[in-house]
There are 4 protein chains.
Amino acid sequence: MFDALFTPERVLAELSDRAFVQAMLDAERALARAEAAVGAIPVSAADEIARACDAALYDADRIAVEARSAGNPAEPLVRALRAQVGGEAAAHVHLGATSQDIVDTASMLVARRVLPLLLEDIDAIAAACAALARTHRATPMAARTLQQQALPTTFGLKAAGWLVGVLEARRLVVAADGRLAVQLGGAAGTLAALGEHGPAVVAGMAHELGLAEPTLPWHTDRARVAELGAALLAITNAIAKVAGDIVLLAQTEVAEVAEPLDGRGGSSTLPHKRNPVGSTLALANARRVEAHVSLLTGGGPHEHERAAGAWHAEWDGLEGALAACTGAADSMRGVLEGLAVRPGQMRRNLDLTRGLIMAERVETLCAERIGRAEAKRIVTGAARAATEGGVPFGEVLDADPDVPLTPDEIAAALDPLGYLGSAGLFVDRALALYSESAPSG
Amino acid sequence: MFDALFTPERVLAELSDRAFVQAMLDAERALARAEAAVGAIPVSAADEIARACDAALYDADRIAVEARSAGNPAEPLVRALRAQVGGEAAAHVHLGATSQDIVDTASMLVARRVLPLLLEDIDAIAAACAALARTHRATPMAARTLQQQALPTTFGLKAAGWLVGVLEARRLVVAADGRLAVQLGGAAGTLAALGEHGPAVVAGMAHELGLAEPTLPWHTDRARVAELGAALLAITNAIAKVAGDIVLLAQTEVAEVAEPLDGRGGSSTLPHKRNPVGSTLALANARRVEAHVSLLTGGGPHEHERAAGAWHAEWDGLEGALAACTGAADSMRGVLEGLAVRPGQMRRNLDLTRGLIMAERVETLCAERIGRAEAKRIVTGAARAATEGGVPFGEVLDADPDVPLTPDEIAAALDPLGYLGSAGLFVDRALALYSESAPSG
Amino acid sequence: MFDALFTPERVLAELSDRAFVQAMLDAERALARAEAAVGAIPVSAADEIARACDAALYDADRIAVEARSAGNPAEPLVRALRAQVGGEAAAHVHLGATSQDIVDTASMLVARRVLPLLLEDIDAIAAACAALARTHRATPMAARTLQQQALPTTFGLKAAGWLVGVLEARRLVVAADGRLAVQLGGAAGTLAALGEHGPAVVAGMAHELGLAEPTLPWHTDRARVAELGAALLAITNAIAKVAGDIVLLAQTEVAEVAEPLDGRGGSSTLPHKRNPVGSTLALANARRVEAHVSLLTGGGPHEHERAAGAWHAEWDGLEGALAACTGAADSMRGVLEGLAVRPGQMRRNLDLTRGLIMAERVETLCAERIGRAEAKRIVTGAARAATEGGVPFGEVLDADPDVPLTPDEIAAALDPLGYLGSAGLFVDRALALYSESAPSG
Amino acid sequence: MFDALFTPERVLAELSDRAFVQAMLDAERALARAEAAVGAIPVSAADEIARACDAALYDADRIAVEARSAGNPAEPLVRALRAQVGGEAAAHVHLGATSQDIVDTASMLVARRVLPLLLEDIDAIAAACAALARTHRATPMAARTLQQQALPTTFGLKAAGWLVGVLEARRLVVAADGRLAVQLGGAAGTLAALGEHGPAVVAGMAHELGLAEPTLPWHTDRARVAELGAALLAITNAIAKVAGDIVLLAQTEVAEVAEPLDGRGGSSTLPHKRNPVGSTLALANARRVEAHVSLLTGGGPHEHERAAGAWHAEWDGLEGALAACTGAADSMRGVLEGLAVRPGQMRRNLDLTRGLIMAERVETLCAERIGRAEAKRIVTGAARAATEGGVPFGEVLDADPDVPLTPDEIAAALDPLGYLGSAGLFVDRALALYSESAPSG
């Protein structure tokens, strides 16, 4: 519904029925050329076929309607292609192939064309996360576990976490891209109609199309489709992690970040709202990816040499997963490239507990002097007193004669900046990984 | 991808972006009229708004693109509607409503329009199953458990099982239809902008649109959406059960049924094939329904008064579930209305085990005379001898002096028609349920 | 893993292997009695069988191990039961039934025993929500859409929304309970081995066990299992909605509610933390329910008269769904019965935007005097000025000569209590529904 | 339910609560040792802690119960461990760690211990598939698409397809194993309580446990858990493909293979049945893996520095996925190592269409002499005549003067053995991949 709401139009163009028709025609052309190269059909026939392999010559809507009785879109397309080619050459169209060969190869081609668009957005997201990690390496904020403030961290470390998540998932996308393979097996997976030429035609077709050559025809070995699905889900999850954190950080009561004001997310009737629209669409797209990918990774085995249904359900799943995943990436790129970060508000929130967030540290320091058990007793009591009395933790500690720390030591202990542990170092590790991973260094 | 491959065009028309725009406009018109009725806006303004509520006046594609920055399609549509209405009346457009009110109400309207098309197919499927059950009430065939022949049953009982499954799920679809409700809560669910008129406007709008009036605005109580999803999945599962059985029964080696030869499923290169295309598409659609419905029933709670993402992911889920479910129903209606049933082949398959399929019965008869333990020993031995020797079970039994049955008794015991238990009676029960359930009796 | 972490022990006892063995034995006993009642087996045999139907006589662990080669737990249990009964009566054990009959009937019995425990917690949750709705009918708080403050609402209306969600889902649980039916079909679903007694034995067995009598044996019509799954998911979703809202409201920065301090959720090292442990476990259980229910509602049709795998996967799904659903309900009951609600903090958060949250209302009031377009222009400008200048919205409005409101009118317009629309009335509707629905009124 | 039904006991032992307690203790011991190594705690304390890290000293059931109020099992275990250690050393237990560190690290250890058991079964499955591919390289059988016989293939090629699927998925399992990493971040992911020692302790702990060292603590970057889940699903899918094919091939009417008769799958009351119990359990386990893995790969992002629910739902998902995946592998290993293959029956089935399955080949041969259009017309007509007349295809062809082939040529054309294309070669490619992949060659 309203595809352009969720997915950028440049991607939708690659996922249109017309683009799929073109991809099927690309498969037919490559098949003909590979067959001509080994002498299975005349070169002139391959040339004629190649000329007819232009989607502009076909009516994608009509092919969809006719596909309903055939059960797949290759069958009516091959008929139309034969009619378009005409004459002797028509007999050489689709030689030795089955509909599934064409549909599967076309699916791979479509994925091959969408993935660079996706990777572009992924790289922009990674770059934006890296910049945030670098800039905010020492910007303190509250770490939150189960949505409760736990201890100080830095916004740089949070961004570094996003970055590592994106980089690790990117690796899977690249690997899945490398697994995209030509499919050619004929009706039974034996390439019987090609006689001894089978493997050579597969290799030639793969070469023509820039796809990998599989060990075997993969009619019912859907592992590479599932791997692609798993990779799309992985990168979407990494993106959704960023989106989810931003929605939480952008809450009116937290207000530590805000999505860019580029005409989006404003509300005319509610002028104080700055809706996190980009993150919201990313999260919506993430759910959609998960649903679509379930059609690629699950649902039971494909029977024998072609599944009755499981295969057909993949088409929609693949298109939907690519659309929603790229939609999520595009939205989050926009969000991250213009994200407003508010260090002052991060600091204000860090002070909300009036020092209690540092109790672990105070206890540790006390323990060094009076043992852990005694330290725990004293600090827990002070924390309770602070909470119940609504008094700053520091004041309670200062006033408690059992606390084995000087006022200066207490003040230092309550400074979040002094209790960031390895946060900076972890940021550096993430940025080092980014330097190694980034395509252009 | 290739929507018309999976879903009949009459349904796709109700699920198009343009149809959704019209449904949103229907919601706005009903809102304006209900507000005019209680005096919240002038009647003349409601009339002007109503005149502008025609999807032909708007560009659905442009709304989709603009919706990307707003995060939903109602926002750009309301802007376009205000511009179309113009003048003083424009200020009365969308009064007191929020985008979600319009999108949710429109979703309900779309469902309301598609469900009758679905029910039509469901009723045709039920009628076809009932006819098969009636016709084949006494047609013996093998029952199969874990895909192994177990005992005789009848094709009538199998069809009766399909029928009961469809009738029970139909009940859920009708119930979900009755739960389709108007949504109107305003930005916070309080209808604050309507002052004291809130509940009256909700009631009026519901009346205008023929939708139920909910107890509360349901921005983040998605139960009725989930119920619709669960009902669509239930009826799809009932349909897929039929499809799955037919694919198995149509196997070359089983050949007990065949899909109708209405130009579908034939293979020009493989002339002996009669592909179960309709059942295949139904099974593919069933997987798609499951994936889409997961967006309606799962994925975690909707936050506060509007979810950031979970709500937006529903739109695609609902449309996809309706499309795939109706697609499955349409396919199976076609299959069942023309299904070729082959009682002779059913009988031949029943004889494949050369009597062994009746061993349970023979054992029971023997047990009545010589006790169960002895009967079991003798019959198990005879069965093994028959299997290993490749001899008909009857011959082994005839030759075995320990078998306490006469040759005539043995022959009778091996007749599948004599061991159908309550099959006929169960068929009658299913047909009685059908008579009660059928809309027209 | 660590079942008792997620599910109360009183429920785990009903879901243990031993409890399932007892449920299978209950099915066998009821079968024997029903058969004796129609004369299919001797009454004395039924009595002997009944005496042996006590789980304490069997080793559940051994049955599990032996079940691996049979493929189901009924097969080894029936063998053990026959051995336990011994003598002539042993031959009458399990007469005419198949393993699936026993396992399916036992599953229904287990569900029948767990659902009252679940309903008890559901009713306590509903009661707690109703109490919160009543108490806080006029407690103002911020409504939040996309996690941004939108307009004022009341905590009572929020609780009323939880209440309606729970009540509507409760209805589905009760309906699913009523659908729990005995399963008895024999190896082929024809009850052939029972001769003419089939239907009477089914009815008798249903009566013995207090389960519904199905139209047909339902070996591969899994609709009632799916309905139970859908109902469990529905009630879990209603519960998870409460849990999700509470986790958000309990955030350190929001702090409008807190889970009860009953020894849970405290952190010794982080004394300021009050972890929403109950809600967290409810949310975890909700995800688990969704995963388990997918085994009951999805995964494709069951083949012919017994599925090879789909059936077997249900067992774990049903047990897991019941365990996780009751776990979620138990946790949230505890949370809601002791929830700390902080109206003062709700009011403070409502004032966070310093009046901007009321801009919609100010605009509406202005529009009544100067038209909507002009009102929008003025109010939007004032809101921007307030935001950019960090000044209260009221001060900006007071100082703006174009605003057609007196200072008193402005002050009234900015009072959230004056802009709650139908919130109170909606609370009353929810409470009325509760009065009608509540088992004891 | 009845875990031992689905999963071998040697695996269940590694997945028990007690095994998880041991894994958590292993994590604590490694933490203490790593801390002692850098001087963060005394070596003597680490020694005392190590001595207490024995699961036999703790009550796993009690920890489960206590975990309900803490929300995780590490919290009560750490308390029990401190009590066990006692004295001064108790204060050094769990230093700087958070519960999630221990639970996540323990999960990785459990996976690390189960994966070798899984890989053993995978390797046995691969070996069995390779043996079948080799043995049946030239055993003709029908290829089936949409469950209809399409063209001849070989059983060797089918087994080669299973083999490649298993080998490719095995690769993912090994990769996921290599990604299993220690988790140590402390309450905020900064390791603040370890001062400058943080990274060194992480490295030391990883070394102690033989786990990978992650770039960052991964509290809410669940990518490696999702990768493990995706790999388990991938190998399960590869296994389920084999199981699904075997169930179909073992149908009474097809009877081309049968599961081994090792006391399993026999039916005493139905002696002719040889239930494919192993494949059935593998298919059931495959569905269970899919459901459990959905808890690892989906369900939305983990919030901030620890998720409220999403994390807790993983535990059950991981345990369940490991249990069901190993269960599937163990079952199929048993099936494949004893699979009965019936080449004679394969050949009989191949002859079921009485030559029609070779029509594509006949058409191709005719086309070489009389052009494709004319060949198609003649062969289609002959096929129809054969079907309608119930006559062997060869007889029709012999009698048709338009067929441009001699009787000998027709006979040769109808021989399936002459139309196997690249089947043998593909088998060789799969075996070559196996030789490269096999751990021991």
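Please read these numbers as outputs of a predicted model, since none were measured by experiment. (Residues numbered from 1 in each chain as written. Chains lettered and ligands numbered in written order. Predicted model: local features only at pLDDT ≥ 70, side-chain atom pairs only at ≥ 80, totals over all residues. Heavy atoms only, no water.)

**Q** How do you make sense of the interface of chain D and chain A when you look at a structure like this?
**A** Often the size quoted for an interface is simply the accessible area lost on bringing the parts together. On the side of chain A, 78 residues touch chain D, which itself brings 78 residues to the contact. With both sides pooled, the region where chain D packs onto chain A buries about 6,100 Å², and carbon together with sulfur makes up 59% of that total. Contact with chain A buries area across many residues of chain D, yet Thr215, Leu216 and His304 of chain D alone supply 12% of it, more than any other trio. Our count for the contact surface shared by chain D and chain A stands at 10 salt bridges. For Glu227 of chain D, the salt bridge goes to Arg171 of chain A, with nearest N and O atoms at 3.3 Å. Secondary-structure elements contributing two or more residues to the side of chain D that touches chain A are β1 (140–145), β2 (148–154), α8 (155–179), α9 (198–209), α10 (223–249), α11 (277–297) and α18 (423–437) of chain D. (Contact = heavy atoms within 4.5 Å. Buried area = accessible area lost by both parts, 1.4 Å probe. Salt bridge = Lys/Arg side-chain N within 4 Å of Asp/Glu carboxyl O. Helix = DSSP H or I, 4+ residues; strand = E, 2+ residues; numbered from the N terminus.)

**Q** Teacher, can you tell me more about the relation of the copies chain D and chain C here?
**A** Note that the two copies of the chain are related through a rotation about an axis and a translation along the same axis. At an RMSD of 0.0 Å, chain D and chain C line up after a rotation of 180° and a shift of 0.0 Å along the axis. With respect to symmetry, the two chain copies, as superposed, fit the operation of a two-fold axis. Within chain D, Ala291 of chain D has its C-alpha nearest the rotation axis, a separation of 2.5 Å. Comparing interface residues between copies, 100% of those in chain D also lie at the interface in chain C; the contact surface is shared. (Least-squares fit on C-alpha atoms with pLDDT ≥ 70 in both.)

**Q** Honestly, the relation of the copies chain D and chain A in this entry has me stumped. Any pointers?
**A** For these two chains of identical sequence, chain D goes onto chain A by a turn of 180° and a shift of 0.0 Å along the axis, with RMSD 0.1 Å. In this assembly, 100% of the residues forming the interface of chain D have copies in chain A that are likewise at the interface, indicating an isologous arrangement.

**Q** It is not clear to me how the packing of aromatic side chains should be interpreted in this structure. Could you clarify?
**A** A ring pair, where both rings are aromatic, is described by two values, the distance of the centres and the angle of the planes. Counted under the stated rule, the structure contains 16 aromatic pairs over all chains. Summarising the aromatic geometry, the rings of Trp315 of chain A and Phe6 of chain B are spaced 5.9 Å apart at their centres and angled 55° between planes, so their arrangement reads as tilted. Of this pair, Trp315 of chain A sits in helix α12 (residues 310–337) while Phe6 of chain B sits in helix α1 (residues 3–6), on two different chains. The exposure class of Trp315 of chain A is buried, given its relative accessible area of 3%. According to the relative accessible area criterion, Phe6 of chain B is buried, its value standing at 1%. (Phe/Tyr/Trp six-rings, centres within 6.5 Å; stacked < 30°, edge-to-face > 60°. Buried < 20%, exposed > 50% of the residue type's maximum accessible area, 1.4 Å probe, protein only.)

**Q** Explain the state of the cysteines here, please?
**A** Residue and element names in this part refer to chain C. Evaluation of the coordinates by the stated rule reveals zero disulfides over all chains. Considering cysteine sulfurs only, Cys325 is the nearest to Cys129, which forms no disulfide, with 15 Å between them. The class of Cys129 is buried, set by a relative accessible area of 0%. (Disulfide = S-S within 2.5 Å.)

**Q** What am I meant to see in the confidence of the model for chain A here?
**A** For chain A, per-residue confidence averages 95 on the pLDDT scale, and 97% of positions sit at 70 or higher. Across the assembled chains, the prediction reports ipTM 0.96 with pTM 0.97. (pLDDT = per-residue confidence, 0-100.)

**Q** What exactly am I supposed to notice about unusual backbone geometry here?
**A** With the exception of glycine, most residues fall at negative phi, and the peptide bonds are largely trans. A positive phi angle, near 50°, is found at Leu146 of chain B, a position not held by glycine. By relative accessible area, which is 7% here, Leu146 of chain B ends up buried. Unusually for a residue other than glycine, His304 of chain D sits at a positive phi of about 40°. His304 of chain D gets classed as buried once you look at its relative accessible area, which sits at 2%.

**Q** Got a minute to help me understand the packing of helix α7 (residues 99–135) of chain D against helix α12 (residues 310–337) of chain D in this structure?
**A** What describes two packed helices is the angle between their axes and the distance between those same axes. Residues and elements named next belong to chain D. Running from amino to carboxyl end, α7 crosses α12 at an angle of 20°, the nearest separation of the two axes being 9 Å. Looking at the two axes, α7 sits roughly parallel to α12. Considering the relative orientation of α7 and α12, their crossing is left-handed. Among the residues making up the contact of α7 with α12, the classes are represented as 19 nonpolar, three polar and six charged. (Axes fitted to C-alpha atoms, helices over the stretch in contact; angles between N-to-C directions. Parallel < 35°, antiparallel > 145°, perpendicular 65-115°, else oblique. Left-handed = near helix turned anticlockwise from the far one by under 90°. Nonpolar A, V, L, I, M, F, W, Y, C, P; charged D, E, K, R; others polar.)

**Q** Looking at this structure, I do not really get the packing of helix α5 (residues 60–70) of chain A against helix α6 (residues 74–85) of chain A. What am I missing?
**A** All names here are of chain A. Between α5 and α6, whose axes approach to 7 Å, the crossing angle comes to 120°. As the angle between them shows, α5 and α6 are arranged oblique. Between α5, through Ile63, Glu66, Ala67 and Ala70, and α6, the contact on the second element is made entirely by Glu75, Pro76, Leu77 and Arg79. Residues of the contact of α5 with α6, tallied by class, amount to five nonpolar, no polar and three charged.

**Q** Teacher, can you tell me more about the side chain of Thr154 of chain C here?
**A** Residues and elements named next belong to chain C. For Thr154, the position within the fold is in strand β2 (residues 148–154). For Thr154, a relative accessible area of 1% corresponds to the buried category. With residues up to four places along the chain from it excluded, the contact list for Thr154 reads His136, Arg137, Ala138, Thr139, Pro140, Met141, Leu420 and Ala423.

**Q** Just to check I follow, could you spell out empty space enclosed by the protein for this structure?
**A** Here the idea is plain: a probe the size of a water molecule rolls over the atoms and shows the empty space left. Counting across every chain of the model gives 11 cavities of 30 Å³ or more. Mapped by element, the contributors of at least two residues to the lining of the largest cavity are α8 (155–179) and α10 (223–249) of chain B together with α10 (223–249) and α11 (277–297) of chain C. Counting residues per element, the lining of the largest cavity draws most heavily on α8 of chain B, which supplies nine residues. Across the lining of the largest cavity, the residue classes tally to 18 nonpolar, 14 polar and 10 charged. (1 Å grid on protein atoms, 1.4 Å probe; cavity = no way out; pocket = protein on both sides within 12 Å on 5 of 7 lines; lining within 4 Å. Points joined across faces, edges and corners; volume = space filled by probe spheres on them.)

**Q** What exactly am I supposed to notice about the interface of chain D and chain C here?
**A** Contacts between chain D and chain C engage 55 residues on the former and 55 residues on the latter. Here chain D is connected to chain C by four salt bridges. Here Arg288 of chain D and Asp316 of chain C are joined by a salt bridge, their closest N and O atoms 3.0 Å apart. Applying the counting criterion to the chain D and chain C interface returns 22 residue pairs in polar contact (both at pLDDT 80 or more). Elements supplying a minimum of two residues to the side of chain D that touches chain C: α1 (3–6), α3 (17–37), α5 (60–70), α11 and α12 of chain D. With 11 residues, α11 of chain D is the largest single contributor of residues to the side of chain D that touches chain C. (Polar contact = N/O pair within 3.5 Å; in protein donor to acceptor, adjacent residues only side chain to side chain.)

**Q** Could you clarify how one ought to interpret the pattern of salt bridges in this entry?
**A** Charged atoms that come close allow side chains of opposite charge to pair. Tallying each qualifying case throughout the model produces 121 salt bridges over all chains. As a salt-bridge pair, Glu213 of chain A and Arg429 of chain D come within 3.2 Å of each other at their nearest N and O atoms. Of this pair, Glu213 of chain A sits in the loop between α9 (198–209) and α10 (223–249) while Arg429 of chain D sits in helix α18, each in a different chain. Given a relative accessible area of 40%, Glu213 of chain A falls into the partly exposed group. By relative accessible area, which is 22% here, Arg429 of chain D ends up partly exposed.

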